[in-house]
Amino acid sequence: MVSIATDEHEITLIYNSDIKNHKEIFAYAKSADDNLNAIDVTKQKLTGTFFTELADLLGIQVKDLIPTDHSAFVQKHGEHVKLDNDGAIKILQHEPDMLIYPIAVKGKKAIVAKLYGDITQFFDTDTAAVNIP
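Bear in mind the structure is a predicted one, so any value in this text is a computation, not a measurement.

1. Observations regarding the nonpolar core
And then number 1: Counting 24 residues, the largest nonpolar core has Ile 14, Leu 54 and Val 62 as its most contacted members.
And then number 2: Looking at this core, the elements that each hand over two or more residues are helix 2 (48-58), helix 4 (85-94) and strand 3 (103-106).
And then number 3: Apart from residues no more than four positions distant in its own chain, Val 62 is found in contact with Phe 51, Thr 52, Ala 55, Asn 85, Ala 88, Ile 89 and Leu 92.

2. Quick notes on the pattern of salt bridges
And then number 1: In the structure shown here, the tally under the stated rule is 4 salt bridges.
And then number 2: Two residues, Lys 43 and Asp 40, come together in a salt bridge whose shortest N-O distance is 3.2 Å.
And then number 3: Salt-bridge contacts for Glu 95 lead to Lys 76; the nearest nitrogen and oxygen are separated by 3.4 Å. Of the two residues, Glu 95 sits in the loop between helix 4 and strand 3 while Lys 76 sits in helix 3 (residues 71-77), which places them 19 residues apart along the sequence.
And then number 4: Overall, Glu 95 belongs to the buried group, its relative accessible area being 18%.

3. Regarding helix 4
And then number 1: For helix 4, the set of buried residues is Ala 88, Ile 89, Ile 91 and Leu 92. Each buried residue of helix 4 sits inside an arc of 165 degrees when the element is viewed along its axis, so together they form one side. Exposed and facing more than 90 degrees away from the buried side of helix 4 are Asp 86, Lys 90 and His 94.
And then number 2: Structurally, helix 4 contributes buried residues whose contacts are with helix 2 and helix 3.

4. A short note on the packing of aromatic side chains
And then number 1: Tallying each qualifying case throughout the model produces 3 aromatic pairs.
And then number 2: Between Tyr 15 and Phe 26 the ring centres are 5.0 Å apart and the planes differ by 15 degrees, which places this aromatic pair in the stacked class. Of this pair, Tyr 15 sits in strand 1 (residues 10-15) while Phe 26 sits in helix 1 (residues 20-30), and the two are 11 residues apart along the sequence.
And then number 3: Here the aromatic rings of Phe 50 and Phe 51 are separated by 6.1 Å at their centres, their planes lie at 85 degrees, and the arrangement is edge-to-face.
And then number 4: Lying across the ring of Tyr 101, Lys 114 places its NZ or CZ 5.2 Å from the centre.

Rules used in this analysis
Residues numbered from 1 in each chain as written. Predicted model: local features only at pLDDT ≥ 70, side-chain atom pairs only at ≥ 80, totals over all residues. Heavy atoms only, no water. Core = buried A, V, L, I, M, F, W, Y, C linked by side-chain atoms within 4.5 Å. Buried < 20%, exposed > 50% of the residue type's maximum accessible area, 1.4 Å probe, protein only. Helix = DSSP H or I, 4+ residues; strand = E, 2+ residues; numbered from the N terminus. Contact = heavy atoms within 4.5 Å. Salt bridge = Lys/Arg side-chain N within 4 Å of Asp/Glu carboxyl O. Arc of directions from axis to C-beta. Phe/Tyr/Trp six-rings, centres within 6.5 Å; stacked < 30°, edge-to-face > 60°. Lys NZ or Arg CZ within 6 Å of the ring centre and 35° of its normal.

Everything listed here is a matter of coordinates, which is why it stays silent on function.
In structure tokens form, the structure reads like this:
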């Protein structure tokens with residue numbers, strides 16, 4: 001079982017290596033000074049508990065991890081689909097491409113990374129070279 005790391009010096013990235021945007025965000029996360037725990041949903045099956053904990057860190061419900069209005073979801077499942085948490089867990093476990101956006105966790109903070117620049121908020125700023133008069 002994979003568990004979510006809550007180390008302040010480690011970024012956990014849940015992503016799909018088959019999706020271009022996810023690969024770009026993975027590359028940015030890898031460039032951080034922190035350790036990277038990359039979890040590729042195409043290679044690792046994640047438990048319902050994992051998705052529940054992930055949603056809790058984001059302050060949402062599991063069903064909100066899947067944007068049902070996104071074209072990728074609509075194309076597969078149709079419009080106006082109402083998901084419950086159990087249904088969302090099953091979709092996320094069996095259809096890794098329905099993780100539309102990667103999710104990054106550092107410490108007790110989690111974000112949905114829609115753009116590759118979103119991950120930079122987890123980067124430590126290096127102010128050692130800055131001289132303040």
